[in-house]
Amino acid sequence: KLYLVNELLLEDYVAGVAETSNNAPTEFIKANLAAARNYAYVSKGKYPFFDVVGNTYDQLYLGYVSEIKMTKVAQAARDTRGVMITYNNEIITTPYFGNSNGWTKSWKSVWGGTDKSWLKPVKAGYDSGRRQFGHGVGMSQRDAAIRADKEGLNFEELLKHYYTGVEVERVYL
């Protein structure tokens, strides 16, 4: 098999992640990119000679084209540079998905194994009555975007709602 590997710095990768809309609330975009940064970081070494697949199997990465077309997303990536989500001083995996049916799910209920203490089911009230889209673990993108818009929550508040007992901190500049 022939693989084309795009090797780049983590922050350049995050700026090209296209898992949200340029029209979404800024604080939601920041939360989504912080979660995406964590996901990419903890995925180091996931595959034999690269870390993540650039599609929705891992994260949708469209590269520099995405930065040009989605300037608000690229700015949110710069604004959150080095921001990571930690639990007990460890950088953790932070899955996210489209929307729930009103509650998120635990790691164990979806993927088995040992539960992750920061991935407990939480209420996603703006998703109530909807059909679930995605695995259901972690942050509901729809619910988070509406919370940012209607309740004025900032990205740290959003992350702390979906990921139980975490800290949101700038690990590097």
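Bear in mind the structure is a predicted one, so any value in this text is a computation, not a measurement.

Cut-offs and rules
Residues numbered from 1 in each chain as written. Predicted model: local features only at pLDDT ≥ 70, side-chain atom pairs only at ≥ 80, totals over all residues. Heavy atoms only, no water. Axes fitted to C-alpha atoms, helices over the stretch in contact; angles between N-to-C directions. Helix = DSSP H or I, 4+ residues; strand = E, 2+ residues; numbered from the N terminus. Parallel < 35°, antiparallel > 145°, perpendicular 65-115°, else oblique. Left-handed = near helix turned anticlockwise from the far one by under 90°. Contact = heavy atoms within 4.5 Å. Nonpolar A, V, L, I, M, F, W, Y, C, P; charged D, E, K, R; others polar.

Draft legend 1. Representation of the packing of helix α2 (residues 26-42) against helix α6 (residues 141-151) in the model. Running from amino to carboxyl end, α2 crosses α6 at an angle of 140°, the nearest separation of the two axes being 7 Å. Taken together, the axes of α2 and α6 are oblique relative to one another. By crossing handedness, the relation of α2 to α6 is classed as right-handed. Across the interface between the two elements, Glu27, Phe28 and Asn32 from α2 touch Gln141, Ala144, Ala145 and Ala148 from α6. For the contact of α2 with α6, the residue count by class is four nonpolar, two polar and one charged.

Draft legend 2. Seen up close, the packing of α6 against helix α7 (residues 155-162). The geometry of α6 relative to α7 is characterised by a closest axis approach of 10 Å and an angle of 140° between their N-to-C directions. Relative to α7, α6 is oriented oblique. In the crossing of α6 with α7, the sense of the turn from one axis to the other is right-handed. Between α6, through Asp143, Ala144, Arg147 and Ala148, and α7, the contact on the second element is made entirely by Leu158, His161 and Tyr162. Tallied by class, the residues present in the contact of α6 with α7 amount to four nonpolar, one polar and two charged.

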